[in-house]
Amino acid sequence: DQQVKQNSPSLSVQEGRISILNCDYTNSMFDYFLWYKKYPAEGPTFLISISSIKDKNEDGRFTVFLNKSAKHLSLHIVPSQPGDSAVYFCAAPTNSGYALNFGKGTSLLVTP
Amino acid sequence: GAGVSQSPRYKVAKRGQDVALRCDPISGHVSLFWYQQALGQGPEFLTYFQNEAQLDKSGLPSDRFFAERPEGSVSTLKIQRTQQEDSAVYLCASARDILNQPQHFGDGTRLSIL
């Protein structure tokens, strides 16, 4: 039962434009969300997180927005760079507070 | 090193063999996690240690899977009598404290069962 869903397997964006990656979740008890970035043959790298008490968190070119009523979050990358090309995973800790539920990932390609 | 280290990076085994995968977490990190990632999927939780105590093993697929962290640092994931469906990338992650987030991942061990 997939509690974190990333419905777009891939996304292609031109360099300099905005990349928007989307994530939906089904468990209303989730109160913390993380985005990870993964290059081929490497492990996921933590990118940015957001607590449910906020609706926005920004770190440089990366901003995460949370819409609790819609159970939806999105990651915005502005401006996109070729080095951002990777698979992005949305994740949320389960009710236990430690095990992460991951989406299936979205592969982002930023073209020059 | 500064990050989570896993070895071997690649492991090929014949069906029925036993394998052992090693994880060196970030020094001083209390929490350690194992995940399994199948092709085209996100990582799926296997088991969790807080120091040397295995507090959750609910994600282990069968009793052929066994994990330990005897001294609260290095951990080993062992798979006995491997089967083809065990082929996956096995990821280890550690976290600084019991709040557990964010988790920092190693590069994984890619296991192929022939």
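All values derive from a computational prediction rather than experimental measurement.

## Thoughts on the pairing of strand β4 (residues 32-38) of chain A
Residues and elements named next belong to chain A.
Phase 1: Across the seven residues of β4, six count as buried, placing the element largely inside the fold.
Phase 2: Sheet topology note: the β4/strand β5 (residues 45-51) ladder contains six bridges and is antiparallel. Looking at the pairing, tyrosine 32 lines up with serine 51 of β5.
Phase 3: Between the end of β4 and the start of β5, which pair antiparallel, lie six residues, with alanine 41 showing a positive phi angle near 65°.
Phase 4: Relative to strand β9 (residues 86-93), β4 is paired through five bridges, and the arrangement is antiparallel. Note on β9: the bridge partner recorded for tryptophan 35 is cysteine 90.

## Some thoughts on the nonpolar core
Phase 1: Grouped together as the largest cluster of nonpolar side chains are 23 residues, with contacts concentrated most on A:Phe33, A:Trp35, A:Leu73, A:Leu75, A:Ile77 and A:Tyr88.
Phase 2: If you list the elements that add at least two residues to this core, you get β3 (19-25), β4, β5, β7 (62-67), β8 (72-77), β9 and β11 (106-111) of chain A.
Phase 3: Take this core: its biggest share by element is four residues, from β9(A).
Phase 4: Listed in part, the 20 residues of the second largest apolar core include B:Val19, B:Ile26, B:Phe65 and B:Ala67.

## Observations concerning the sheet that holds strand β1 (residues 4-5) of chain A
Residues and elements named next belong to chain A.
Phase 1: Read across the sheet, five strands follow the order β1-β3-β8-β7-β6 without closing on themselves; strand pairing throughout is antiparallel. A single partner strand is all that each edge strand has here, and the edge strands are β1 and β6 (56-59).
Phase 2: In this sheet, β8 lies alongside β3 in antiparallel orientation, the contact comprising six bridges. When the sheet's bridge partners are listed, leucine 21 is paired in β8 with leucine 75.

Conventions used here
- Residues numbered from 1 in each chain as written.
- Chains lettered and ligands numbered in written order.
- Predicted model: local features only at pLDDT ≥ 70, side-chain atom pairs only at ≥ 80, totals over all residues.
- Heavy atoms only, no water.
- Buried < 20%, exposed > 50% of the residue type's maximum accessible area, 1.4 Å probe, protein only.
- Helix = DSSP H or I, 4+ residues; strand = E, 2+ residues; numbered from the N terminus.
- Pairing = 2+ DSSP bridges.
- Core = buried A, V, L, I, M, F, W, Y, C linked by side-chain atoms within 4.5 Å.

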